Amino acid sequence: MIELTEKIRDIAKKLLKDGTVDVFIGYKKGSVPMMNEPVLIRNPDEADLLYWDSNCGLNLCNYLTGRTDRIGILATGCNSRSIVTHIIENQIRRDQLYIVGIPCTGMIDHRAVNRAVGHREITDITESDITFTVTGKGFQETFNKADYLQGNCKVCRHRNPVEYDEMIGEPVEEQKGIEPYSDVKNIEKMSCDDKNAFFRRLIDKCIRCYACRNACPLCYCPTCFVDESRPQWVGKSIDPTDTMTFHLLRAFHCAGRCTDCGACERVCPMGISMRQFTRKLNRDAEELFSWQAGLSLTERPPLDTYRSDDYNDFIK
Amino acid sequence: MKNLLEHTGLEPGRLHFSWISSAEATKFVKVAKEVSAAVRALGPAKYLVKRRAEVV
Amino acid sequence: MGDKIFTKQGWVESLRGLAGDYMVFVPVKEGDMYAFRHLDNDTKVAFDDYHNTRMSPKSIVYPQSERMFEYSLDKQDPDCNILKEVPKTFAPQAIVGIRPCDAHAFQISKRNFDTPEYRDPWWVQRYEATTLIGLGCNSPRSTCFCTAMGGGPFDEEGLDVLMFDMGETYLVRALTDKGEAFLGKLNGGRSADKTDREAALRLSDHVRDGMPDVVPVDPIRNKEIKDIFDASFWDDVAFACLNCGTCTFLCPACWCFDVQDEVYGREGDRIRNWDSCMFPLFTLHGSGHNPRAKKFQRVRQRFMHKFKYYVDKFDDGFQCTGCGRCVQFCPVNIDIRDVLRLMSDEPPVRLSA
Ligand code: SF4
Ligand code: SF4
Ligand code: SF4
Ligand code: SF4
């Protein structure tokens, strides 16, 4: 990880010095373990702030929306797919970007790690190739990173960036034998009432803080439907039906666009797995339209094209 | 849309989609009958029904 | 009443005995986090293992969503269009195990909800019905900075009773009349003697001495509002911010709310919901103008309110208790302690990796 950090700093310095980009977007080391902070670097001497490890699980594409300058940006597999989605949705121009691709070996699920140490306070985390070590008052434990990956990273099939100007290091091997949608299939097997109960329980702690929505690069609408007041589409209290409406509609708005980057789930202060909504749509996009978001700059997504052989079994 | 709603607990048969041209009066009648029969068979809706905000 | 000693088990049993007198809230573990819940016969109380609850206990006095009024829109109804206060009972309740920082936060919010001019009926009545039984912090987290905010891990301000965790037992001390009344209803326990009290004092002194004192706050008081307001660092501070509600909703001292009408057929409710200065909607005018349209303006507002406007207005403390929730749970690691350092012209601690 040290090597990657050094390389990122060097590249950022070079790009800023030679004027290829005006700014560079990466991460700096967090003040709290497992929480790194996205950072905007404006000049080469700030580049040493940049940092990289397996706690960079946000989606940096989120910080591109509306920018007019030339931007260098770090991109893992899923982040690069979100950038592609941003480009085809005209949220940023390809020629504004210098994409520094990072072949990714997955991000650490901070909740799982905290659970593993019985919620004792972790004050430091260090990483080697395939393990990481957490330290706190009176304890130190080492874990295999593969056992503590974020849910989305466990089932990731695109660890290598799909679009980049420069790649840091060699591509990594993609994970084999992945069953990408076993969780979705398990829910599909439930009875209607059980499904309903499952999803109600899933979001019963939701405090409508909108971190999930705001962490997602897809949610760039100037005014979100939940914030509209004329007309008011959804109530603003924590009534369970209103909360469900928020989650369902947010998910629909991501249909065919979500790259399962996991940022939404990572940021939730209440530990809610709202990816269960988007993942159903991702699976349908894949099964019914052979579509995975963000893989191509030239193909149009299924929801903005019409083909005579589109799936339409649901229409009578 | 139908798929996600049913995935999250809406009964199959509650939500229907149909494409009917303004000239297809008989189809409209047929579909309307089918839809109301299917929905009636399911009974009152339970899913995503808000009567009053459940707050203190 | 002098201090009392309860065995840990005896304490919980005595609390259960209060069922008829108080609605008792205690910390319980739910999944990966802790929350204050009603104490029932089978509640597993988490006094021993919990550091603090994810959501602060402010919602026990000030719920996230609260129906204030109801009304009829039926033209036939003689009371059509008249707002009627929703009848509520404010039965005695007790939050047992609340941390001193969170109790301190009620004193801060009181300045907003209970003023000489206006008294918020719901907040005030619930607050007055609530007895706060604090549990001193034997092992504060590295994100805690209560001492810098004028509190402390065994601070008594705002508490009615303070519990010291002495290992096998609790030393329990009444601090107010409300606290005396609460302890008076409890069965069991024995009187604490001098040795017990000295041990409690040693414990609290020891923990307090170990608290980091890294957050300088006094310089802010002496600076001009405009100098901080126009400082150049706000853009950088705000860059990563998602403008979500995590920091403000988890914060025990944030008090802002929004009022919404909801209409169902011919009836309606007027509900208030927590609001957040981080949301663009917070300051959106009816005209469409938004004085805080930009992200950095909203981020700045949060810190300016807590550490400058509040200070200038009340000249007593800050609108923050140093509980550390926003430090731990801000999803993009915007660390209020670093922002404080910037506001007081100190270099941030975290310069580089
Ligand atoms: S919905 Fe979640 S997983 Fe999908 S792109 Fe947005 S943040 Fe990523
Ligand atoms: S981040 Fe979590 S708590 Fe916040 S709105 Fe999303 S699901 Fe709800
Ligand atoms: S500071 Fe952090 S918690 Fe607060 S609004 Fe910004 S991203 Fe959310
Ligand atoms: S501002 Fe942060 S540290 Fe201060 S009381 Fe609120 S949540 Fe706690």
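Residues numbered from 1 in each chain as written. Chains lettered and ligands numbered in written order. Predicted model: local features only at pLDDT ≥ 70, side-chain atom pairs only at ≥ 80, totals over all residues. Heavy atoms only, no water.

Visitor: What am I meant to see in a negative patch on the surface here?
Guide: A surface patch of like charges, here negative, comprises A:E3, A:E6, A:D10 and A:D129. Mapping A:E3 onto the fold places it in helix α1 (residues 2–17). (Patch = residues over 30% accessible without salt bridge, like charges linked within 9 Å, V, L, I, M, F, W, Y side chains within 5 Å. Areas by Shrake-Rupley, 256 points an atom, 1.4 Å probe, with all protein chains shown as cover. Salt bridge = Lys/Arg side-chain N within 4 Å of Asp/Glu carboxyl O. Lys, Arg positive; Asp, Glu negative; His and termini not counted. Charge placed at Lys NZ, Arg CZ, Asp CG, Glu CD. Helix = DSSP H or I, 4+ residues; strand = E, 2+ residues; numbered from the N terminus.)

Visitor: Could you clarify how one ought to interpret the interface of chain C and chain A in this entry?
Guide: Much of the literature gives interface size as the accessible area that the parts lose upon coming together. At the junction of the two partners, chain C supplies 43 residues and chain A supplies 47 residues. Taking both partners together, chain C and chain A bury about 3,600 Å²; carbon and sulfur atoms supply 55% of that area. Across the contact surface, chain C and chain A share 3 salt bridges. At the boundary of chain C with chain A, the tally comes to 14 residue pairs in polar contact (both at pLDDT 80 or more). Elements that contribute at least two residues to the side of chain C that touches chain A include exactly β2 (23–30), α9 (234–238), α10 (246–250), β11 (257–264), β12 (267–274) and α12 (325–329) of chain C. Of all the elements, α10(C) adds the most residues to the side of chain C that touches chain A, at 3 residues. Grouping the constituent residues of the side of chain C that touches chain A by class yields 18 nonpolar, 13 polar and 12 charged. (Contact = heavy atoms within 4.5 Å. Buried area = accessible area lost by both parts, 1.4 Å probe. Polar contact = N/O pair within 3.5 Å; in protein donor to acceptor, adjacent residues only side chain to side chain. Nonpolar A, V, L, I, M, F, W, Y, C, P; charged D, E, K, R; others polar.)

Visitor: Whenever I open this one, the packing of aromatic side chains confuses me. Can you help?
Guide: The geometry of an aromatic ring pair is captured by the separation of the ring centres together with the interplanar angle, meaning the angle of the planes. Applying the stated criterion across every chain yields a total of 30 aromatic pairs over all chains. Here A:F199 and A:F277 contribute two aromatic rings whose centre-to-centre distance is 4.9 Å and whose plane-to-plane angle is 55 degrees, an arrangement assigned as tilted. Note that A:F199 is positioned in helix α6 (residues 192–202) and A:F277 in helix α10 (residues 275–289), a separation of 78 residues in sequence. Accessibility expressed as a relative area gives 0% for A:F199, which makes it buried. Seen from their ring centres, C:F154 and C:F164 are 5.4 Å apart, and the 15 degrees between their planes marks the pair as stacked. (Phe/Tyr/Trp six-rings, centres within 6.5 Å; stacked < 30°, edge-to-face > 60°. Buried < 20%, exposed > 50% of the residue type's maximum accessible area, 1.4 Å probe, protein only.)

Visitor: Looking at this structure, how should I read helix α11 (residues 295–314) of chain C?
Guide: What sets the pattern is the α-helix's 3.6 residues per turn: residues three or four places apart point alike. All names here are of chain C. In this model, α11 (20 residues) spans 27 Å end to end at C-alpha, consistent with the 28 Å of a helix rising 1.5 Å per residue. Most of α11 sits out of view: 14 of its 20 residues are buried. One or two positions beyond α11, positive phi appears at D315, with a value near 50 degrees. (Expected span 1.5 Å × (residues − 1).)

Visitor: Would you mind going over the sheet that holds strand β3 (residues 33–38) of chain C with me for this structure?
Guide: Within a sheet, neighbouring strands are paired by backbone hydrogen bonds and run either parallel or antiparallel to one another. All names here are of chain C. With mixed pairing, 8 strands are arranged side by side in an open sheet as β3-β2-β6-β7-β8-β9-β1-β10. Two strands close off the open sheet at either side, each with one partner strand: β3 and β10 (190–191). Where β2 lies against strand β6 (residues 93–98), 3 bridges are found, and the strand directions are parallel. What sits directly across from V24, in β6, is A94. Against the sheet, helix α1 (residues 8–16) touches β1 (4–7), β2, β6, β7 (130–135), β8 (161–165) and β9 (169–174), its axis set at about 100 degrees to β1. (Pairing = 2+ DSSP bridges. Axes fitted to C-alpha atoms, helices over the stretch in contact; angles between N-to-C directions.)

Visitor: Would you take a moment to explain the sheet that holds β11(C) for this structure?
Guide: Residue and element names in this part refer to chain C. Read across the open sheet, the 4 strands follow the order β5-β4-β12-β11; overall the sheet is antiparallel. A strand with exactly one partner marks an edge of an open sheet, and here the two such strands are β5 (84–85) and β11. Both β11 and β12 contribute to a ladder of 8 bridges, which runs antiparallel. The residue of β12 that forms the bridge with Q260 is I271. Together, β4 (65–72), β5 and β12 form the strand contacts of helix α4 (residues 121–128), whose direction differs from that of β4 by roughly 130 degrees.

Visitor: Mind showing me how you'd approach the confidence of the model for chain B here?
Guide: Where the model shows low pLDDT, its predicted coordinates should not be examined in detail. Taken over all residues, the pLDDT of chain B has a mean of 86, while the share at 70 or more is 98%. Listed scores for the predicted complex are pTM 0.92 and ipTM 0.93. (pLDDT = per-residue confidence, 0-100.)

Visitor: Honestly, unusual backbone geometry in this entry has me stumped. Any pointers?
Guide: Trans peptide bonds make up most of the peptide bonds, and negative phi angles are found at most residues other than glycine. Residue and element names in this part refer to chain A. The backbone of H119 shows a phi angle near 60 degrees, a positive value even though the residue is not glycine. Look at R208: it is not a glycine, yet its phi comes out positive at around 55 degrees. With respect to the helices and strands, R208 occurs in the loop between α6 and α7 (211–215).

Visitor: Explain empty space enclosed by the protein here, please?
Guide: Once rolled over the atoms, a probe with the size of a water molecule shows which space is left empty. All names here are of chain A. By the definition in use, this model includes 11 cavities of 30 Å³ or more. As for the largest cavity, its lining consists of 33 residues, and the residues nearest its centre are R81, C156, T259, D260 and C261. Broken down by secondary-structure element, the contributors of at least two residues to the lining of the largest cavity are α2 (77–88), α4 (151–154) and α10. Broken down by class, the residue content of the lining of the largest cavity amounts to 15 nonpolar, 11 polar and 7 charged. Looking at the second largest cavity, its volume works out to about 120 Å³. Every residue lining the second largest cavity is counted, 17 residues in all, and those nearest its centre are C216, L218, C258, C261 and C264. (1 Å grid on protein atoms, 1.4 Å probe; cavity = no way out; pocket = protein on both sides within 12 Å on 5 of 7 lines; lining within 4 Å. Points joined across faces, edges and corners; volume = space filled by probe spheres on them.)

Visitor: Help me understand the site of ligand 4, please; the structure alone is not making it clear to me.
Guide: Neighbouring ligand 4 are the residues C:F145, C:C251, C:P252, C:K306, C:C320, C:T321, C:G322, C:C323, C:G324, C:R325, C:C326 and C:I336. Across the shell around ligand 4, the residue classes break down as 7 nonpolar, 3 polar and 2 charged. (Near = heavy atom within 4 Å.)

Visitor: Is there a simple way to think about the site of ligand 3 in this case?
Guide: Within the structure, ligand 3 sits among C:C241, C:L242, C:N243, C:C244, C:T246, C:C247, C:M278, C:R302, C:C330, C:P331, C:V332 and C:I334. When the residues that make up the shell around ligand 3 are grouped by side-chain class, the tally is 9 nonpolar, 2 polar and 1 charged.

Visitor: How do you make sense of α2(A) when you look at a structure like this?
Guide: All names here are of chain A. Taking 1.5 Å per residue as the helical rise, α2 with its 12 residues ought to reach 16 Å, and the 17 Å between its terminal C-alpha atoms agrees with that figure. With 12 of 12 residues buried, α2 lies mostly within the body of the structure. The complete set of buried residues in α2 reads G77, C78, N79, S80, R81, S82, I83, V84, T85, H86, I87 and I88. Elements that come into contact with the buried residues of α2 comprise β3 (71–75) and β4 (97–101). Among the residues trailing α2, N90 stands out with phi positive, at a value near 60 degrees.

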